[in-house]
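Chains, contacts and geometry: an overview
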2 protein chains.
Amino acid sequence: MRRFLLAAATAFLATTAFAADPLPSWNDTGPKQAIVQFVEKVTKQGSADFVPVPERIATFDNDGTLWAEQPAYFQLFFAIDRIKALAPKHPEWKTKEPYASVLRGDMKGLAASGEKGLLQLIAATHAGMTTDEFEQVVNDWVVNAKHPKTGKPFTEMVYQPMLELLAYLRDNGFKTFIVSGGGIEFMRPWAERVYGIPPEQVVGSMGGLKYEMRGNVPVLSKLPSLVLMDDKEGKPVGIQRNIGRRPIAAFGNSDGDLQMLQWTTAGSGARFALYVHHTDADREWAYDRKSHIGKLDKGLDEAKAKGWTVVDMKNDWKKIYPWSP
Amino acid sequence: MRRFLLAAATAFLATTAFAADPLPSWNDTGPKQAIVQFVEKVTKQGSADFVPVPERIATFDNDGTLWAEQPAYFQLFFAIDRIKALAPKHPEWKTKEPYASVLRGDMKGLAASGEKGLLQLIAATHAGMTTDEFEQVVNDWVVNAKHPKTGKPFTEMVYQPMLELLAYLRDNGFKTFIVSGGGIEFMRPWAERVYGIPPEQVVGSMGGLKYEMRGNVPVLSKLPSLVLMDDKEGKPVGIQRNIGRRPIAAFGNSDGDLQMLQWTTAGSGARFALYVHHTDADREWAYDRKSHIGKLDKGLDEAKAKGWTVVDMKNDWKKIYPWSP
């Protein structure tokens, strides 16, 4: 009886999954066809490419793949807002870089401080508090902050076609993970609500943590040290540390995702790799080989050489954001 | 229809879960009653203690909690077997500690090399190869190696009552994780088969990893450096890094688990903490406050002070191993 009911429910779900178009915001072009073909072959019992459910791991970059990343990584807007909020307690920041540039609203000055300056900014705004406190700060920011161009909350700057893809994969037994260069604790508070991805399936850059007692209450204090830079060569490392199983499908948009796509496709059996190519200056942004943010250069060449799927955003996506007309 | 079938299946599963005893190897004493009471209250819709499914995170120590740890941690037997297998390629080990003691079968000599010696042993046997190669080595060892006292494969030295507990929790919507001081990549190859816990739900001590190309093939090389010692204060850190959500239930057997139990029970809402106390010298081993392995001293005091559940193995468990009479 138990087996019968489960089988009936499973069969029914499988049927409905095919009945309606699971990817309505995708044009019926190459990428959509490649995605559906891949999912159908790995989920077909008895097929040579069949993959058991526990091994159906799919990893997604976040910035530029699930949500936008222009005119700057959204986490940078968060850091800037935090610097401004914390400034009254740090009078020395008025004359000290990179804080002074941030407080003057001088983005060029901030850019001049380079990667070192950015890391200082991240350390100053992401450390020195407990994990619970940080989660609260992120939750408060996420409901209040607005994207500088669209005026939308940042969590609405997500790509509708990718939301559909996440759901489609999950409906087909995949476990979906984020594997992002962004901070793991910056993404976890809202990833479940926005993407349906629970905290334990979010992998990202990580700072040090220290377990200690505050009175009788145990806390985890966030340290300024970096434990994992989950970008480029760090992505397969993050995948191994937090997932421990090689993905069979990976999705990215920049050279920072190249190693994740290489690692994914180097496994045996059916594999899928997809790059989102930002080609739509009207509805979103157009950038690739020369961009400082989300640079896609080597990755584009390797995708062509290896036959990976490349989404031409302008031609392959009917709709960009959930609120797009 | 879809909703009906799912609801019917769910209701049926819930009914069967209560119809048969889900914990047949547990005597009907305090610990079993406490477990069932906790699970019933957090899963009862409308109850003040109800916890939504995504938040039902349960973490388990491995050594001494899910499988035995006497006369030494099983991973040490693995390391010793590896040293012997690798010795022909390392003639210098014959005269160099801690390797020389291992090759002579001199466990006292090995013990004299202390924690430093053990870490050297782990580095020599767990690094210097790729993650794929290491997985193969572990898989080969697990099917061939035998426990020195019982002659059983180590993966059969697991506690039947804990296997039932894992299944019972999962049947009630819990996600079960291992959080162990053992090596994460030592446990992942067999945890799914033995415990039903997939690799992405195994947290353990971690060594460094390096992504690199061998010809055209990307590999992750295991480095001798330690990235996380997932013991004591390291357990809440490992939980935060790899799970990102505070467990509502935690299970351990030693002072190395104390911080995990503190961190778990310090959250709001219903919480559950359990210590397995090794009290059965006849059927298993009896040890606690003065043991070098699995020392349970501070933890036992704190469990009593805070009213945590303590399993008296001799009196609370009907059966120890799956193959016990």
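Everything below is about the structure shown above.
Predicted model only: the values in this text are computed from it and were never measured. (Residues numbered from 1 in each chain as written. Chains lettered and ligands numbered in written order. Predicted model: local features only at pLDDT ≥ 70, side-chain atom pairs only at ≥ 80, totals over all residues. Heavy atoms only, no water.)

This part covers the pattern of salt bridges. One pass over the structure, following the stated rule, counts 34 salt bridges over all chains. A salt bridge links Glu-212 of chain A to Lys-210 of chain A, with the nearest nitrogen and oxygen atoms 3.7 Å apart. A residue is classified by how much of its surface remains accessible, and Glu-212 of chain A, at 27% relative accessible area, is partly exposed. A residue is classified by how much of its surface remains accessible, and Lys-210 of chain A, at 43% relative accessible area, is partly exposed. Taken together, the shared-partner salt bridges connect Lys-175 and Arg-245 of chain A together with Glu-192 and Glu-200 of chain B into one network. (Salt bridge = Lys/Arg side-chain N within 4 Å of Asp/Glu carboxyl O. Buried < 20%, exposed > 50% of the residue type's maximum accessible area, 1.4 Å probe, protein only.)

The next thing to look at is the pairing of strand E4 (residues 217-228) of chain A. Residues and elements named next belong to chain A. Examined bridge by bridge, strand E3 (residues 202-214) and E4 share eight bridges and lie antiparallel to one another. In the strand pairing of E4, Lys-210 is matched with Ser-221. Hairpin connection of E3 to E4: two residues between the antiparallel strands, including Gly-215 at a positive phi of 65 degrees. (Pairing = 2+ DSSP bridges. Helix = DSSP H or I, 4+ residues; strand = E, 2+ residues; numbered from the N terminus.)

Take the sheet that holds strand E2 (residues 175-183) of chain B next. Residue and element names in this part refer to chain B. Strand order in the open sheet formed by seven strands is E4-E3-E2-E1-E5-E6-E7, and the pairing between neighbours is mixed. At either end of the open sheet lies a strand with only one pairing partner, and these are strand E4 (217-228) and strand E7 (309-312). Neighbour-to-neighbour, the strand axes of this sheet turn through a mean angle of 30 degrees, independent of strand direction. Of the strand pairs in this sheet, E2 and strand E3 (residues 202-214) are connected by three bridges, and their pairing is parallel. Among the inter-strand pairings, Gly-183 is bridged to a residue of E3, identified as Ser-205. The sheet contacts of helix H9 (residues 184-195) involve E2, E3 and E4, and relative to E3 the element is tilted by about 115 degrees. (Axes fitted to C-alpha atoms, helices over the stretch in contact; angles between N-to-C directions. Contact = heavy atoms within 4.5 Å.)

Further remarks concern the side chain of Asn-172 of chain B. All names here are of chain B. Tracing the sequence through the fold places Asn-172 in the loop between helix H8 (160-171) and E2. The exposure class of Asn-172 is buried, given its relative accessible area of 11%. Side-chain polar atoms of Asn-172 contact the backbone oxygen of Tyr-168, separated by 2.9 Å. (Polar contact = N/O pair within 3.5 Å; in protein donor to acceptor, adjacent residues only side chain to side chain.)

Think of an α-helix as 3.6 residues a turn; residues three or four steps apart then line up on the same face. Extensive coverage of helix H11 (residues 258-265) of chain B is indicated by the burial of seven of its eight residues. Burial in H11 of chain B covers these residues: Leu-258, Gln-259, Met-260, Leu-261, Gln-262, Trp-263 and Thr-264 of chain B.

Residue and element names in this part refer to chain A. Strand order in this open sheet of seven strands is E4-E3-E2-E1-E5-E6-E7, and the pairing throughout is mixed. Either end of the sheet is taken by a strand with one partner, and the two such strands are E4 and strand E7 (309-312). Put simply, the sheet's adjacent strands are angled 30 degrees from each other on average, direction ignored. Against the sheet, helix H8 (residues 160-171) engages strand E1 (57-60), strand E2 (175-183), strand E5 (249-252) and strand E6 (272-277), with an angle of about 165 degrees to E1. Docked against the sheet, helix H10 (residues 234-242) engages E1, E2, E3 and E4, running at close to 150 degrees with respect to E4.

Taken together, the 45 residues of chain B in the interface contact 45 residues of chain A. Carbon and sulfur atoms supply 62% of the area buried between chain B and chain A, which totals about 3,900 Å² over both sides. Looking at the side of chain B facing chain A, the largest losses of area belong to Glu-200, Tyr-211 and Arg-241 of chain B, adding up to 18% of the total buried there. Summed over the shared surface of chain B and chain A, the result is eight salt bridges. Glu-200 of chain A is the partner of Arg-245 of chain B in a salt bridge, and the nearest nitrogen-oxygen pair spans 3.3 Å. The set of elements that each furnish at least two residues to the side of chain B that touches chain A consists of helix H1 (2-19), helix H7 (131-144), E2, H9, E3, E4, helix H10 (234-242) and H11 of chain B. If one sorts the elements of the side of chain B that touches chain A by residue count, H1 of chain B sits on top with eight residues. Grouping the constituent residues of the side of chain B that touches chain A by class yields 26 nonpolar, eight polar and 11 charged. (Buried area = accessible area lost by both parts, 1.4 Å probe. Nonpolar A, V, L, I, M, F, W, Y, C, P; charged D, E, K, R; others polar.)

Overlaying chain B on chain A yields an RMSD of 0.0 Å, the required transformation being a rotation through 180 degrees with an accompanying axial translation of 0.0 Å. The transformation relating the two chain copies, once decomposed into turn and shift, fits a two-fold axis. The C-alpha atom lying nearest the rotation axis in chain B is that of Asn-242 of chain B; the distance is 2.8 Å. Of the residues that chain B buries at the interface, 100% are likewise interface residues in chain A, meaning the two copies contact each other through the same surface. (Least-squares fit on C-alpha atoms with pLDDT ≥ 70 in both.)

Residues and elements named next belong to chain A. With 12 residues, H8 should cover 16 Å at 1.5 Å per step; its first-to-last C-alpha distance of 17 Å lies within 8% of that length. Burial in H8 covers these residues: Gln-160, Pro-161, Met-162, Glu-164, Leu-165, Leu-166, Tyr-168 and Leu-169. On its buried face, H8 sits against helix H2 (30-43), E1, E2, helix H9 (184-195), E5 and E6. Immediately downstream of H8, the backbone of Gly-173 shows phi near 85 degrees, a positive value. (Expected span 1.5 Å × (residues − 1).)

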